[in-house]
Amino acid sequence: MRFLQPNSFPKLLAVGFAMVALPLIIALVNNAISINQFASRSQIAVQQAVQSTQSSRRLSQRLDTLERNARQMAILGDRSLLDTYETNRAVLLQVAAEFAALPFDAEQKAALDDIIGSEARIYAVLRSTTAGNADLQRVAAEFGRLDARAQNIIERGDQLIDREIVAMGETAARAQRITFWQMLALVPVALLLAAGFTVLIARPIRQIDTAIRRMGGGDFSVPVGVSGPRDLQLLGRRIEWLRHRLRELEQQKNRFLRQVSHELKTPLTALREGSELLSEEALGKLTPEQQEVAGILRANSIELQRLIEDLLSYGAAEFHRSALRFTQVDVQRVVARVLDDQNLALRARALRILPHVDDITLEADPEKLRIMLDNLLSNAVKFSPEQGVVEIDVRSDGEHMVLDVADAGPGIPPVERERVFDPFYRGRSVGAGALRGSGIGLSVVRDYAQAHGGTVEVVDEPQRPGARLRVTLPLRQGTMA
């Protein structure tokens, strides 16, 4: 099968088309040869039939002419008529020679030999000077038998023509049957060859597509191997080199995040402990102005610590985005768990939850799904006014699960909706609490949703206040592009 693996993809295509077309070309050539042979045979048969008919009829006509000449000589007794007879006899012999050159059967040949031999004997009597009138009458009557023999030749020629027509009809029918069985045998062969080469052509393309999709999803752990023509193998090696580079960059980024976060935590711990000691007046009584400065230091150290922790969380989320463990997930149980985790935050702000969760089983990573819902709910709690309402709506449209989380807060301005899911982006709206968010929670939601083959978006609802965020995930993996 080495010849089925050309050095280049265009050559593989050319070989594939040639192999698929070869059986059909063979069938066409074979049919063309059969048709040409049949046409040649038909043409020869027609020509021979025409020549045989013409020659046999001319032979009969010449015999009639010679019979008239012989009877005139017998009746008139005029020997000068022998010259006319000899002239017509020469024409008869010429016609007989032409007829003898045609292919005919033994019966016709015997009849022609009989006619020529009998006419020679008649001619010998006619030219004899000793032949009497009775002899001339006798030989003249012999032409009647010769004419009957000539008619036998004509009838036999017609029979041969009819037989040849029947034979050509049988040949045509046989050629049709052969053509039918050839096509019946060659079409499946061509289809099998087409299917085989389709697999040969599609396999390296599918391998390349799978590798690109896997890397696009953030999975750089699987080596890229491409089989097929040499140029596609070279492309596979290029993609493998790209995978190594992307994995190195990913590792460098995560290592940088971990190192920077770790290096920042040590001085931050000292800063926070110092601010705590100052705020608690462990080092002495503080004036109101000093107390305000200590509070500012304490608040900002807490915010900085939270930013570092979110940075570590985002790095971990990026690192584990490809490590999804798909299983059948009961969405109602996930919602119940998140509500239980957020219970204290909800009670602290006296928020009311309005859940509308259908009984849905989803193929997803349960922990990633929980984190997505937890981040969405945390975002809604943060921006909801006290004693407000947060809606959680989960439904199915047949192929996808649609998860909506809506709050009654200030909403998201249209100019920020394109960037609200970007890492570390924080909008102008400030939620409840002294500290602003890090801008990481919604970006994690987007990354996890995309890793599941889904989307996240801000739903425009001008008739109601607040923001509605919608996550759409396929119920089964592979149902959403």
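Because the structure is a prediction, the values reported are computed rather than measured. (Residues numbered from 1 in each chain as written. Predicted model: local features only at pLDDT ≥ 70, side-chain atom pairs only at ≥ 80, totals over all residues. Heavy atoms only, no water.)

### Observations regarding the overall build of the protein
Along its length, the protein carries 10 helices and 7 strands. Within the protein, the fraction of its 481 residues that count as buried is 36%. In the protein, 74% of the contacts between residues at least 6 apart in sequence involve partners at least 24 apart. When the accessible area of the protein is evaluated, it comes to approximately 27,300 Å², of which 57% is carbon and sulfur surface. (Helix = DSSP H or I, 4+ residues; strand = E, 2+ residues; numbered from the N terminus. Buried < 20%, exposed > 50% of the residue type's maximum accessible area, 1.4 Å probe, protein only. Contact = heavy atoms within 4.5 Å. Areas by Shrake-Rupley, 256 points an atom, 1.4 Å probe, with all protein chains shown as cover.)

### Some thoughts on helix 4 (residues 133-216)
For helix 4, spanning 84 residues, the distance from its first C-alpha to its last is 121 Å, which sits close to the expected 124 Å at 1.5 Å a residue. When the local axis directions of helix 4 are compared, the greatest deviation, roughly 30°, occurs at Ala202, which is followed within four positions by the proline Pro204. (Expected span 1.5 Å × (residues − 1). Bend = angle between axes of the 7 residues up to and from the residue.)

### So, the packing of helix 7 (residues 331-341) against helix 9 (residues 366-383)
Contact pair helix 7 / helix 9: the axes reach a minimum separation of 10 Å and the direction vectors enclose 50°. Between helix 7 and helix 9, the angle is such that the two are oblique. Here helix 7 runs over helix 9; the crossing is right-handed. Along its contact with helix 7, which presents Val334, Val335, Arg337, Val338, Leu339 and Asp341, the element helix 9 presents Glu367, Leu369, Arg370, Leu373, Asp374 and Leu377. Counted by class, the contact of helix 7 with helix 9 contains 7 nonpolar, no polar and 5 charged residues. (Axes fitted to C-alpha atoms, helices over the stretch in contact; angles between N-to-C directions. Parallel < 35°, antiparallel > 145°, perpendicular 65-115°, else oblique. Left-handed = near helix turned anticlockwise from the far one by under 90°. Nonpolar A, V, L, I, M, F, W, Y, C, P; charged D, E, K, R; others polar.)

### Considerations on the pattern of salt bridges
Applying the stated criterion across every chain, the model contains 14 salt bridges. In this structure, Glu367 engages Arg337 in a salt bridge whose closest nitrogen and oxygen atoms are separated by 3.9 Å. Note that Glu367 is positioned in helix 9 and Arg337 in helix 7, a separation of 30 residues in sequence. Judged by its relative accessible area of 45%, Arg337 is partly exposed. The salt bridge involving Asp393 is made with Arg395; its shortest N-O contact spans 2.5 Å. Taken together, the shared-partner salt bridges in this structure form one network comprising Glu391, Asp393, Arg395, Asp404, Arg468 and Arg470. (Salt bridge = Lys/Arg side-chain N within 4 Å of Asp/Glu carboxyl O.)

### Considerations on the nonpolar core
Formed by 40 residues in total, the largest nonpolar core has its most connected members in Met401 and Leu403. Of all elements in the fold, only helix 7, strand 3 (361-364), helix 9, strand 4 (389-396), strand 5 (400-406), helix 10 (441-451), strand 6 (455-459) and strand 7 (468-474) reach the threshold of two or more residues within this core. Considering each element in turn, this core owes the most residues, 7 residues, to helix 9. Beyond its immediate chain neighbours, meaning those up to four positions away, Met401 contacts Val331, Ile360, Leu362, Leu369, Val394, Arg395, Val471, Thr472, Leu473 and Leu475. By size, the runner-up hydrophobic cluster in this structure holds 28 residues, among which are Leu63, Val95, Leu112 and Leu146. (Core = buried A, V, L, I, M, F, W, Y, C linked by side-chain atoms within 4.5 Å.)

### As for the packing of aromatic side chains
In total, this model carries 0 aromatic pairs according to the counting rule given. Above the ring of Tyr448, the side-chain terminus of Lys368 is found at 5.7 Å from the ring centroid. (Phe/Tyr/Trp six-rings, centres within 6.5 Å; stacked < 30°, edge-to-face > 60°. Lys NZ or Arg CZ within 6 Å of the ring centre and 35° of its normal.)

### Looking at a nonpolar patch on the surface
Where nonpolar side chains cluster on the molecular surface, the patch consists of Leu271, Leu277, Leu278, Leu283, Val293 and Leu297 and spans about 520 Å² of accessible area. Looking at the nonpolar patch element by element, the count peaks at 3 residues for helix 5 (residues 230-279). When you line up the elements, Val293 lands in helix 6 (residues 288-319). The exposure class of Val293 is partly exposed, given its relative accessible area of 48%. (Patch = residues over 30% accessible without salt bridge, like charges linked within 9 Å, V, L, I, M, F, W, Y side chains within 5 Å.)

### Some remarks on helix 10
Residues Leu442, Ser443, Val444, Val445, Asp447, Tyr448 and Ala449 constitute the buried set of helix 10. Residue Gly453 follows helix 10 closely and has a positive phi angle near 80°.

### Regarding the packing of helix 9 against helix 10
Interaxial distance between helix 9 and helix 10 falls to 9 Å at its minimum, and their mutual angle equals 150°. The hand of the helix 9/helix 10 crossing is left-handed. Side by side, helix 9 and helix 10 meet where Lys368, Ile371, Met372, Asn375, Leu376 and Asn379 of the first sit next to Gly441, Leu442, Val444, Val445, Tyr448 and Ala449 of the second. Split by residue class, the contact of helix 9 with helix 10 holds 8 nonpolar, 3 polar and 1 charged.

### Concerning the confidence of the model for the protein
Overall, the prediction assigns the protein a mean pLDDT of 77, with 83% of residues at 70 or greater. Here residues 432-436 scores under 50 on pLDDT; set against residues more than four positions off or in separate chains, the count is 12 contacts. (pLDDT = per-residue confidence, 0-100.)

### Here we look at unusual backbone geometry
You will see that Ala350, though not glycine, has its phi angle at about 55°, which is positive. Here Ala350 lies in the loop between helix 8 (343-348) and strand 2 (352-357). Given a relative accessible area of 42%, Ala350 falls into the partly exposed group. Positive phi is not limited to glycine here, since Gln387 has a value of about 65°. If you trace the backbone, Gln387 turns up in the loop between helix 9 and strand 4.

### As for the side chain of Arg370
Mapped onto the fold, Arg370 is located in helix 9. Its relative accessible area of 14% is what places Arg370 among the buried residues. A distance of 2.7 Å separates a polar atom in the side chain of Arg370 from a polar atom in the side chain of Glu367. Once you skip the residues sitting within four places of it in the chain, Arg370 turns out to touch Val334, Arg337, Val338 and Asp341. (Polar contact = N/O pair within 3.5 Å; in protein donor to acceptor, adjacent residues only side chain to side chain.)

### A word on the sheet that holds strand 5
Across the sheet, which stays open at both edges, the 5 strands sit in the order 2-4-5-7-6 with mixed pairing between neighbours. Each of the sheet's edge strands pairs with one partner strand only, and the pair in question is strand 2 and strand 6. Across the sheet, the axes of successive neighbouring strands diverge by a mean angle of 15°, strand direction being ignored. The sheet contact formed by strand 4 and strand 5 spans 6 bridges and is antiparallel. Paired with Ser396 across the bridge in strand 5 is Met401. On top of the sheet, helix 9 reaches strand 2, strand 4, strand 5 and strand 7; it is set at about 25° to strand 5, its chief contact. (Pairing = 2+ DSSP bridges.)

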